[in-house]
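# Structure assessment
The chain contents come next:
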Amino acid sequence: MALAILPTAAADDPDEDELLEEGLVFDDTPRPIGLHTPEWFELSFLDLREDLEDAVEQGKMGLAVYFGMDDCPYCEALFDKNFSQDDIRDYLSSHFNVVAIDALGTREVTDLDGETWLERRYAAERRLNFTPSIAFYDAEGERIHQMRGYYPPYRFRALLEYVIDRHDKEKSFRDYLERADPPPKFDLDDINERDFFVNPPYALDRSRIPADRPLVVFFEREACHACDILHSEPLQDDAVLERIAMMDAVQLNADDPDTPVLTPAGERTNAKEWAADLDVHWAPTMIFFDEKGEEIIRIDSVVHLNRLRNVMDYVLTRGYEEFPTFELWRAQQPARP
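Residues numbered from 1 in each chain as written. Predicted model: local features only at pLDDT ≥ 70, side-chain atom pairs only at ≥ 80, totals over all residues. Heavy atoms only, no water.

### Some points on the sheet that holds strand β5 (residues 133-138)
Read across the sheet, four strands follow the order β2-β1-β5-β6 without closing on themselves; strand pairing throughout is mixed. The sheet is open, and its two edges are formed by β2 (96-102) and β6 (143-148), each paired on a single side. Looking at each pair of strands side by side, their axes are set apart by 15 degrees on average, direction ignored. Bridge count for β5 against β6 is five bridges, and the pairing is antiparallel. Note on β6: the bridge partner recorded for serine 133 is arginine 148. (Pairing = 2+ DSSP bridges. Helix = DSSP H or I, 4+ residues; strand = E, 2+ residues; numbered from the N terminus. Axes fitted to C-alpha atoms, helices over the stretch in contact; angles between N-to-C directions.)

Below, the structure written as structure tokens:
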């Protein structure tokens, strides 16, 4: 089907105010913001064992550890779009104490096992440096679930329900979202097709013979509001399209069991099973692989122009070979005009 451009006239379609309220449209240009620590966050001396003890003594079910950093507009959106809503803030704070860690910080933090780390090392080790991130721990210090990247309010509410009601004991967050997914904002019966996507069959094996360039796999879904935003905004930008042209780009329907796929690791499967194996629970999710089929990085949350362009540069310049995380690489890059 044709590309779905963001509509402006139809009565049933979302207007700009609705999109802003949902947290799907905002300025993601990096700018000085500061590490948010609102008054309802707990004061922490970065000993997570003590923080958890305090939470349990207050009758909470556990501890939520927030990872943010300066000049992170997605962190700002979490506070301005999500935590500004009373029901979200009260629901989270009534069940968890929340403490903050700077994903690029250099203070010492003691984890729940008593091991001491620099903040940035701890965030990278736990794969929680793609900000904003939140790790949820129960009263015994066992991790319930972790969020990497920004979720808009409706999906963040689903995340809190999943964690607080302990649905993790019976199903993955991906499976839970299939039941809890809100109704779509766009009346579409298919996913957005684009000329830059490789046509089937999807023979993506790179395990025996390396490819000539990186691979990006777009996992999307039908009637997916966030997918439509991706295609009607950042994927209209010429600079982004130029970068995609330097990669092999594949689009898969994460709910499709009928499309066969030979994965970059040389395994035969289908689109739905591969999405499940990769723990894809957000649409759209973009996973970047190197020439040998190893995953480099993924974007599995709302993304806009600047972050998408920067992640693509990280992949195309092989920044991952020198810097173990995208955040460390980006901190060394000159500011864009």
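### What to know about the pattern of salt bridges
One side chain can pair with another of opposite charge once the charged atoms of both are near each other. Within this structure, the stated rule accounts for 17 salt bridges. Of the charged contacts, one joins arginine 298 and glutamate 295 as a salt bridge, the two residues approaching to 2.9 Å between their closest N and O atoms. Taking the shortest distance from any N to any O, the salt bridge between glutamate 321 and arginine 318 comes out at 3.1 Å. On the basis of relative accessible area, glutamate 321 is assigned to the exposed category, the value being 56%. One continuous salt-bridge network, built from bridges that share partners, spans Asp138, Arg166 and Asp168. (Salt bridge = Lys/Arg side-chain N within 4 Å of Asp/Glu carboxyl O. Buried < 20%, exposed > 50% of the residue type's maximum accessible area, 1.4 Å probe, protein only.)

### Considering the nonpolar core
Buried together is how nonpolar side chains tend to be arranged in soluble globular proteins. Residues Phe83, Phe136, Phe156 and Phe288 are the most contacted members of the largest nonpolar core, which totals 64 residues. Here this core gets seven residues from one element, more than from any other, and that element is helix α6 (residues 153-164). (Core = buried A, V, L, I, M, F, W, Y, C linked by side-chain atoms within 4.5 Å.)

Note that every value here comes from positions in space, so none of it alone points to a role or purpose.
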